[in-house]
Amino acid sequence: KKRSIRKPELIEPVEVQVRISSDILAVSDPGVAAAIRYIRDNIRNGINVKTLLRAVPVNRRKLERDFRRILGRSPQDEIHRFRLQLIKRLLTTDMTMRSIDVAAGFSSAQYLATFFQSATGYTPRAFRKRLKSGLDINGI
């Protein structure tokens, strides 16, 4: 018998798990690199630019300028980006909304909901519901 050769089928991944070891951004500027590391390591603590500047002894104006030059966004934007990634990851778990706002470093569930909805267009509950129903969340 002659075997039929099937054409390879491309199967898109359902989800990509980014590990800290593979999520390191190569940044040559020591101040920006230290700030990114601090943000990544402390995002659950409700940090802001003021606490970032206490931890990374760099002039605020210089750090802002270097962030924009290297990353195309501000330190505050980077904090928001990391916080949004964290919330999305936490929403994939069975944690309660109250536990999520605490784990993500928010002082209240309302502040987390307002932040998340302004960034994604969805409330955290609606986002979680979309996840569980298998609806597309790419690009959110």
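Our structure is the block above this text.
All of these numbers come straight from a predicted model, not from anything done at the bench.

**Here we look at the packing of aromatic side chains**
Under the defined criterion, the tally for this structure stands at three aromatic pairs. Ring plane angle 45 degrees and centroid distance 5.6 Å describe the contact between Phe-106 and Phe-115, whose orientation is recorded as tilted. The pair Phe-106 / Phe-115 is uniform in exposure class, with both members buried. Seen from their ring centres, Phe-116 and Phe-127 are 5.2 Å apart, and the 75 degrees between their planes marks the pair as edge-to-face. Residue Phe-116 is found in helix H6 (residues 109–120), and its partner Phe-127 is found in helix H7 (residues 124–133); the two are separated by eleven residues along the sequence. When its relative accessible area of 0% is taken as the criterion, Phe-116 is described as buried. A cation over an aromatic ring shows up here: Arg-83 above the ring of Phe-106, its NZ or CZ 5.2 Å from the ring centre.

**Description of helix H4 (residues 75–91)**
The terminal C-alpha atoms of H4, which comprises 17 residues, lie 24 Å apart, in line with the 24 Å expected from a rise of 1.5 Å per residue. Within H4, burial applies to Pro-75, Glu-78, Ile-79, Phe-82, Arg-83, Leu-84, Leu-86, Ile-87, Lys-88, Leu-90 and Leu-91. For H4, the elements touching its buried residues are helix H1 (30–42), helix H2 (49–55), helix H3 (60–71), helix H5 (97–103), H6 and H7.

**Digging into the pattern of salt bridges**
Using the criterion set out here, one finds eight salt bridges in the structure. Linking Arg-98 and Asp-101 is a salt bridge whose minimum nitrogen-to-oxygen distance equals 2.5 Å. Here Asp-101 and Arg-98 lie together in helix H5, a separation of three residues that amounts to about one turn. Using a relative accessible area of 0% as the deciding quantity, one classes Asp-101 as buried. Each of Asp-29, Lys-62, Asp-66 and Arg-69 takes part in one network of salt bridges that share partners.

**A short note on the packing of H4 against H6**
Packing of H4 against H6 leaves a shortest axis separation of 11 Å and a crossing angle of 105 degrees. Considered as vectors, H4 and H6 are oriented roughly perpendicular to each other. Residue-level inspection shows His-80, Arg-83, Leu-84, Ile-87, Lys-88 and Leu-91 of H4 in contact with H6, the latter providing Leu-112, Phe-115, Phe-116, Ala-119 and Thr-120. Among the residues making up the contact of H4 with H6, the classes are represented as seven nonpolar, two polar and two charged.

**Observations regarding the environment of Asp-101**
In sequence terms Asp-101 and Tyr-111 are ten residues apart; their C-alpha atoms lie 8.6 Å from each other. Discounting residues that sit within four places of it in the chain, Asp-101 has contacts with Phe-106, Ser-108, Ala-109 and Leu-112. Polar contacts involving the side chain of Asp-101 include one to the side chain of Arg-98, which spans 2.5 Å.

**Some words on the environment of Ser-107**
Structurally, Ser-107 is set in the loop between H5 and H6. Along the chain, Ser-107 and Gly-46 lie 61 residues apart, while their C-alpha atoms are 7.9 Å from each other.

Thresholds applied
- Residues numbered from 1 in each chain as written.
- Predicted model: local features only at pLDDT ≥ 70, side-chain atom pairs only at ≥ 80, totals over all residues.
- Heavy atoms only, no water.
- Phe/Tyr/Trp six-rings, centres within 6.5 Å; stacked < 30°, edge-to-face > 60°.
- Buried < 20%, exposed > 50% of the residue type's maximum accessible area, 1.4 Å probe, protein only.
- Helix = DSSP H or I, 4+ residues; strand = E, 2+ residues; numbered from the N terminus.
- Lys NZ or Arg CZ within 6 Å of the ring centre and 35° of its normal.
- Expected span 1.5 Å × (residues − 1).
- Contact = heavy atoms within 4.5 Å.
- Salt bridge = Lys/Arg side-chain N within 4 Å of Asp/Glu carboxyl O.
- Axes fitted to C-alpha atoms, helices over the stretch in contact; angles between N-to-C directions.
- Parallel < 35°, antiparallel > 145°, perpendicular 65-115°, else oblique.
- Nonpolar A, V, L, I, M, F, W, Y, C, P; charged D, E, K, R; others polar.
- Polar contact = N/O pair within 3.5 Å; in protein donor to acceptor, adjacent residues only side chain to side chain.

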